[in-house]
Amino acid sequence: MGKTADLTTVQKMTIDTLKKEGKTQKVIAKEVGCSQSSVSKHINREAKGRKRCGRKECTSKRDKRALERIVKQNRFKNVGEIHKEWTVAGVSASRSTTHRRMQDMGISCRIPRVKPLLNKRQRQKRLAWAQDKMDWTAAEWSKVMFSDESKFCISFGNQGPRVLRKTGEAQNPRCLKSSVKFPQSVMVWGAMSSAAVGPLCFLRSRVNAAVYQEVLEHFMLPAADQLYGGDDFIFQHDLAPAHSAKSTSTWFKDHGIPLLDWPANSPDLNPIENLWGIVKRKMRDARPNNAEELKATIKATWALITPEECNRLVDSMPRRIAAAIQAKGAATKY
């Protein structure tokens, strides 16, 4: 059982609430999960209006404002760099105090979100595209087949389970995680509609116009038959060089397949980008040893995608478009 100072804010609030309800200290201690003496000390301290004893903060409000200014100047500094600048500004505090003050301000270290860099012309085209599509209904979006390529690696970075070990066991073979300098990877092409996903295509070489047209012939057309039968549909792809090549445009005209006009550098508007994210999260605990095992894992995970997930992603198109309009064409992380 901890001391009174060890009680959390939630525990203290619970004690105060139960005390007002007329519960005894013994009952309160049992429900809160602390000692009866801790409950008694907290109640007595609140009754006498005494504040928690201990050292006073070594930093003033002015010091905290200076720290906040330093953090806002460059969001990509580490705690050591921020502490050094704070010390140069005349504040006498330790590195751990700097870290605590940042936490008190609600500042935490997080993985930054990624947004595509757009120039003024691209933002204007995105805004015009979004305004043109803002009145599209769910039925119209259900006729669109979304497509994209994505890269999958055997190594998934820092993701995965942590290891439980004692001091001195860092080099124990049972506590090590294997890594390679250049992990094997595969490039995958896929397509989806609001109803389901189509077959995957594993790309063996760099995608040029000729390779892409083979993918369309042997994978996109079967996907269209699977997803739409004999009904009309609109095909979507981005403006990659192989996609926008003249020979590729001719291929679509020859096959009578209409294309959805698409703004450049706009992965945030494509729901299949989120689908790739779902697949990679589901594969987080998988540990394939080679490219063939990686392909098998991708296929098995892709097959688990449900129609409900596809429908939910395509149904998000009006919200994506509204966000793009609100951002005046700037990139949004959906």
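Quick notes on the rules
- Residues numbered from 1 in each chain as written.
- Predicted model: local features only at pLDDT ≥ 70, side-chain atom pairs only at ≥ 80, totals over all residues.
- Heavy atoms only, no water.
- Axes fitted to C-alpha atoms, helices over the stretch in contact; angles between N-to-C directions.
- Helix = DSSP H or I, 4+ residues; strand = E, 2+ residues; numbered from the N terminus.
- Parallel < 35°, antiparallel > 145°, perpendicular 65-115°, else oblique.
- Contact = heavy atoms within 4.5 Å.
- Nonpolar A, V, L, I, M, F, W, Y, C, P; charged D, E, K, R; others polar.
- Buried < 20%, exposed > 50% of the residue type's maximum accessible area, 1.4 Å probe, protein only.
- Arc of directions from axis to C-beta.
- Phe/Tyr/Trp six-rings, centres within 6.5 Å; stacked < 30°, edge-to-face > 60°.
- Lys NZ or Arg CZ within 6 Å of the ring centre and 35° of its normal.
- Salt bridge = Lys/Arg side-chain N within 4 Å of Asp/Glu carboxyl O.
- Polar contact = N/O pair within 3.5 Å; in protein donor to acceptor, adjacent residues only side chain to side chain.
- pLDDT = per-residue confidence, 0-100.
- Core = buried A, V, L, I, M, F, W, Y, C linked by side-chain atoms within 4.5 Å.
- Pairing = 2+ DSSP bridges.
- Bend = angle between axes of the 7 residues up to and from the residue.

Draft legend 1. Region of interest: the packing of helix α4 (residues 61-73) against helix α6 (residues 95-104). It is at 11 Å that the axes of α4 and α6 come closest, and there the two elements cross at 85 degrees. Put simply, α4 runs roughly perpendicular to α6. Here K64, L67 and V71 of α4 lie close against α6, whose contacting residues are T98, R101 and M102. Its residues placed into classes, the contact of α4 with α6 shows three nonpolar, one polar and two charged.

Draft legend 2. Region of interest: the environment of D315. Examined against the element boundaries, D315 turns out to sit in the loop between α14 (307-314) and α15 (317-326). Sequence separation between D315 and S142 is 173 residues; the distance between their C-alpha atoms is 8.3 Å.

Draft legend 3. Region of interest: helix α11 (residues 246-255). The complete set of buried residues in α11 reads T248, W251 and F252. On an axial view of α11, the arc spanned by its buried residues comes to 95 degrees, and they lie on one face. Exposed side of α11, more than 90 degrees from the buried face: K246, K253 and D254 are the residues found there. Tucked inside the fold, the buried residues of α11 contact α9 (209-228), β4 (234-236) and α10 (241-244). Once α11 finishes, G256 follows within two positions and takes phi at roughly 65 degrees, a positive value.

Draft legend 4. Examining the packing of aromatic side chains more closely. Applying the stated criterion across every chain yields a total of nine aromatic pairs. A ring pair is formed by W251 and F252, whose centres lie 5.2 Å apart and whose planes are at 85 degrees; its orientation type is edge-to-face. The class of W251 is buried, set by a relative accessible area of 9%. According to the relative accessible area criterion, F252 is buried, its value standing at 1%. Among the aromatic residues, those joined into a ring-pair cluster are W129, W136, W141, F146 and W262. When the ring centre of F152 is taken as origin, the NZ or CZ atom of K280, which lies over that ring, is 4.9 Å away.

Draft legend 5. The arrangement of the pattern of salt bridges in detail. If you walk through the whole model with that rule in mind, you get 12 salt bridges. Between K23 and E21 there is a salt bridge, and its shortest N-O distance comes to 3.9 Å. By relative accessible area, which is 31% here, K23 ends up partly exposed. For E21, a relative accessible area of 52% puts it in the exposed group. Salt bridges sharing common partners tie together E57, K64, R101 and D104.

Draft legend 6. Main features of the environment of C310. Looking at the secondary structure, you find C310 in helix α14. The spatial distance from the C-alpha of C310 to the C-alpha of N274 is 9.9 Å, given a sequence separation of 36 residues. Among residues more than four places away in sequence, those in contact with C310 are M192, S193, S194, A195, A196, V197 and I305.

Draft legend 7. Summary view of the side chain of N270. Looking at the element boundaries, N270 is found in the loop between α11 and α12 (271-282). For N270, the side chain forms a polar contact with the side chain of Q236, separated by 3.4 Å. With near-sequence residues (within four places) excluded, N270 lies in contact with F146, S147, D148, Q236, W262 and R320.

Draft legend 8. Local environment of the confidence of the model for the protein. Residues at a pLDDT of 70 or more form 89% of the protein, whose mean pLDDT is 87. The least confident element of the protein is helix α3 (residues 36-48), whose mean pLDDT is 83; the most confident is β4, at 98.

Draft legend 9. Molecular detail of the nonpolar core. W141, F152, M192, L275 and I298 are the most contacted members of the largest nonpolar core, which totals 33 residues. Put simply, the parts of the chain that give this core at least two residues each are α7 (120-133), β1 (144-153), β2 (185-192), α12, α13 (291-303), α14 and α15. Among the elements that take part in this core, α12 stands out by supplying five residues, more than any other. Filtering out sequence-adjacent residues up to four positions away, L275 remains in contact with M192, V197, W302, I305 and L313.

Draft legend 10. Region of interest: the pairing of β1. For β1, the buried fraction is high: eight of the 10 residues fall into the buried class. Sheet topology places β1 next to β4; three bridges connect them, and they run parallel. Each bridged residue has a counterpart across the sheet, and for M145 the counterpart in β4 is F235. Sheet topology places β1 next to β2; eight bridges connect them, and they run antiparallel. Counterpart to C153 in the pairing with β2 is S185.

Draft legend 11. Expanded view of α9. At L216, α9 shows its largest kink, close to 35 degrees. Within the span of α9, buried status applies to A209, Y212, Q213, V215, L216, M220, A223, A224, L227 and Y228. Those residues of α9 that are buried lie in contact with β1, β2, β3 (201-203), β4, α10 and α11. In this structure N208 caps α9, since a side-chain oxygen of it lies 3.2 Å from the backbone nitrogen of A210.

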